[in-house]
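Remarks on the overall topology
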Amino acid sequence: MARAALRCAAWSERWFPDAWVFAALGVIIVAAAALAFGATPIVTVNAFGDGFWSLIPFTMQMAFVVIGGYVVATAPVVARFIEWLARAPKSGRGAICYVGLISMLASLLSWGFSLVFGGLLVRALARREELRMDYRAAGAAAYLGLGAVWAMGLSSSAAQLQANPKSMPPGLINITGVLPFGQTIFLWQSIALTAVLIVVSLLVCWLTAPSGQHARTAESFGVTETPTPALPPRQRPGEWLEYSPLLSVLIGALGLGWLVVEFATKPAITAIANLNTYNFLFLTAGLLLHWRPRSFLNAVARAVPSTAGVLIQFPLYGGIAALLTHAPGVGDVTLSHRLSGLFVHIATTDTFPLVMGVYSSVLGFFVPSGGGKWLVEAPYVMQAANDLHVHLGWAVQVYNAAEALPNLINPFWMLPLLGVLGLKARDVVGFTFMQLLVHVPLVLGLLWALGLTLTYVPPVMP
């Protein structure tokens, strides 16, 4: 299986184009479908153009999830904390499971933070030569946060979008209403699913980790220590404020003051569900942890290239969502309603989580974007959930759990982590493929079984 997974990764690296190409093809296919079902060319192009910029607030919010996570993970004090954490494991196999646990727990807070933090932890553990830790398996374990449970946590794009009516396209909010975190990621069913996934993922890590003479260390991959560049000394008088903590302290005090008021005047779940508050918290923490503005700005500059895919793809997803919901064809019926009718036809109330889970996981390999893919799927799958009287919050969690599955073998989201580790996707995907073989039946089975314990609640409009 591992050899087959390595061949699969090599094939995908050779033949798969950039993810933007898939988004662009999605636009063309959906526009062609709208025209085929009777939408006029004027209606079709207007829907695409009107929807193209509809997600700018959400696009920037997702970009700041990446930036905030990276800035916090690379702060000097966090780097020292990582070195302290790296002292705990006593064996190579134990170190791999340790990385997997920390990566998954960190991803529940921020998937961007998890990728960078997990990679830096692997590098720190690799310096302990006595562990003989397999560098490939450790890299795969660091990726488990994004490959297993990230979408069940606070940075879930779908849950965040559904909890924030100002971020949702009008066509979607009319279908789903507002779904607070209490109806999605904080359902006891969601928490139970997350706990099971963490335990099982760690068990797979333990059983598949090479040890002894079969382990390949970082040295065998030619990976040498490349610490984060130190802050260069100040060269001009005009740089004084860049190197002084004064501005960081003052801005940080204002930010912390606002956060205290926000959490004091609202329930914690409501406050953290606001994506602006979530990002504000990470940016304020990053500014204070870096202490000097110049260090903070350097970290932001290193993080920005990782947001390129989000910035250039999400406008296309906005266009797709508008084509689905605002380009009616024959009988004044949109593609969203036609697709929801298909779901209603092939699924029942009880089997809907299973059908939707399979569909979302397959589509996720071709559209590697949690938030963007949700905007494509949500209009019709949530309409189908309404028609079948499926719990709307659980439908979001079905998407979240299934959407993470293709991440285990899709190299798109591995790129930030691989950059930290100095590896290629083919080096780690053999281990993540083993996780996928276990996760697919486990996730789909639990989504179906836990869905039976929930009852339908009609949409609540803001």
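Please refer to the structure placed before this passage.
Below, the structure is looked at part by part. Just so you know, the residues in each chain are numbered from 1, in the order the chain's sequence is written. The model is predicted, so local features are restricted to residues of pLDDT at least 70 and side-chain atom pairs to those at 80 or more, both for listing and for counting; the totals for chains, interfaces and linings are taken over all residues. Remark: hydrogens and water are excluded; side-chain values derive from all non-hydrogen atoms of the structure.

Further remarks concern the overall build of the protein. A helix here means a DSSP run of H or I that spans at least four residues, while a strand means a run of E at least two residues long, and both kinds are numbered starting from the N terminus. The secondary structure content of the protein amounts to 24 helices and 0 strands. As a reference, a globule follows 2.2 Å times the number of residues to the power 0.38, and the radius of gyration itself is taken over C-alpha atoms. Rg of the C-alpha trace for the protein: 23 Å, near the compact-globule value of 23 Å for 462 residues, within the 12% margin. Projected onto the principal axes, the alpha-carbon positions of the protein cover approximately 70 × 55 × 40 Å. Counting over 462 residues, the protein shows a buried share of 55%. When accessible area is computed with a 1.4 Å probe and restricted to protein chains, residues below 20% of their type maximum are described as buried, those above 50% as exposed, and intermediate ones as partly exposed.

Here we take up the packing of aromatic side chains. What describes a pair of aromatic rings is the distance from one ring centre to the other and the angle between the planes of the rings. Under the pairing criterion, centres of Phe, Tyr and Trp rings, with the six-membered ring standing for Trp, must be within 6.5 Å; the plane angle then separates stacked pairs below 30 degrees from edge-to-face pairs above 60, leaving the rest tilted. Throughout the structure, instances matching the rule amount to 10 aromatic pairs. Ring geometry for Phe48 and Phe52: centres 5.7 Å apart, planes at 65 degrees, overall edge-to-face. Residue Phe48 and its partner Phe52 are both found in helix α3 (residues 41-52); the two are separated by 4 residues, about one turn of the helix. Phe48 sits in the partly exposed class, given a relative accessible area of 27%. Between the aromatic rings of Phe81 and Trp84, the centroid separation amounts to 5.8 Å while the plane-to-plane angle is 20 degrees, which identifies the pairing as stacked.

A word on a nonpolar patch on the surface. A contiguous nonpolar patch, built from Trp20, Val21, Leu25, Ile28, Ile29 and Ile312 and spanning about 560 Å² of accessible area, is present on the exposed surface. The element that contributes the greatest number of residues to the nonpolar patch is helix α2 (residues 19-36), accounting for 5 residues. Locating Ile28 in the fold gives a position in helix α2. In this structure Ile28 comes out as exposed when scored by relative accessible area, which is 57%. Two distance rules govern patches: like charges are joined within 9 Å, and nonpolar side chains (Val, Leu, Ile, Met, Phe, Trp, Tyr) within 5 Å, applied only to residues with over 30% relative accessible area and no salt bridge. Only the protein chains shown count as covering a residue, and every accessible area follows the Shrake-Rupley method with a 1.4 Å probe. Any carboxyl oxygen of Asp or Glu that lies within 4 Å of a side-chain nitrogen of Lys or Arg is treated as forming a salt bridge with it.

Mapped onto the secondary structure, Asp134 falls in the loop between α7 (111-126) and α8 (135-142). There is a polar contact of 2.8 Å between the side chain of Asp134 and the side chain of Arg136. It only takes one pair of heavy atoms within 4.5 Å for two residues to be counted as in contact. Not counting residues within four places of it along the chain, the set of residues in contact with Asp134 comprises Ile96, Pro210, His214, Ala215, Arg216 and Phe431. The term polar contact refers here to a pair of N or O atoms within 3.5 Å; inside protein, the definition further demands a hydrogen-donor-capable atom paired with an acceptor-capable atom, and it admits residues adjacent in sequence only when both atoms are side-chain atoms.

A few words on the pattern of salt bridges. Under the counting rule described, the total for this entry stands at 6 salt bridges. With a shortest N-O distance of 2.8 Å, Asp134 and Arg136 are connected by a salt bridge. The exposure class of Asp134 is buried, given its relative accessible area of 0%. Here Arg236 and Glu239 are joined by a salt bridge, their closest N and O atoms 3.7 Å apart. For Arg236, a relative accessible area of 48% corresponds to the partly exposed category.

By this rule, a helix spans an expected 1.5 Å times one less than how many residues it contains. Over its 16 residues, α7 extends 22 Å from the first C-alpha to the last, a length consistent with the 22 Å expected when each residue adds 1.5 Å. Summarising burial for α7: 14 of the 16 residues are buried, a large majority.

Now for the nonpolar core. Among buried residues, those of type Ala, Val, Leu, Ile, Met, Phe, Trp, Tyr and Cys that are joined through side-chain atoms within 4.5 Å constitute a nonpolar core. Core analysis: the largest hydrophobic core is formed by 137 residues, its most contacted members being Phe352, Met356, Trp374 and Met382. With 10 residues, the top contributor of residues to this core is helix α21 (residues 370-388).

Of note, the phi angle at Arg132 is positive, near 50 degrees, even though the residue is not glycine. You can see Arg132 is positioned in the loop between α7 and α8. With relative accessibility at 41%, the residue Arg132 sits in the partly exposed group.

Here we take up the environment of Leu172. Here Leu172 shows up in helix α11 (residues 170-176). Look at Leu172 and you get buried, because its relative accessible area is 2%. It is 9.1 Å that separates the C-alpha atoms of Leu172 and Gln383, two residues lying 211 residues apart in sequence.

The axes used here are C-alpha line fits, helices contributing only the stretch in contact, and every angle between their N-to-C directions lies in the interval 0 to 180 degrees. Orientation of helix α12 (residues 188-208) relative to helix α24 (residues 425-451), taken along the N-to-C sense of each, is 155 degrees, at an axis distance of 10 Å. Here α24 runs roughly antiparallel to α12, going by the angle between their axes. The two elements α12 and α24 meet at a crossing, and its hand is right-handed. For the pair α12 and α24, the contacting residues are Trp188, Gln189, Leu193, Val196, Leu197, Val200, Ser201, Val204, Cys205 and Thr208 in the first and Phe431, Met434, Gln435, Val438, His439, Leu442, Val443, Leu446, Leu447 and Leu450 in the second. Every angle not falling under 35 degrees, over 145, or within 65 to 115 is termed oblique; those three ranges are roughly parallel, roughly antiparallel and roughly perpendicular. Crossing chirality is assigned from the near helix's rotation relative to the far helix, an anticlockwise turn below a right angle marking it left-handed and a clockwise turn marking it right-handed.

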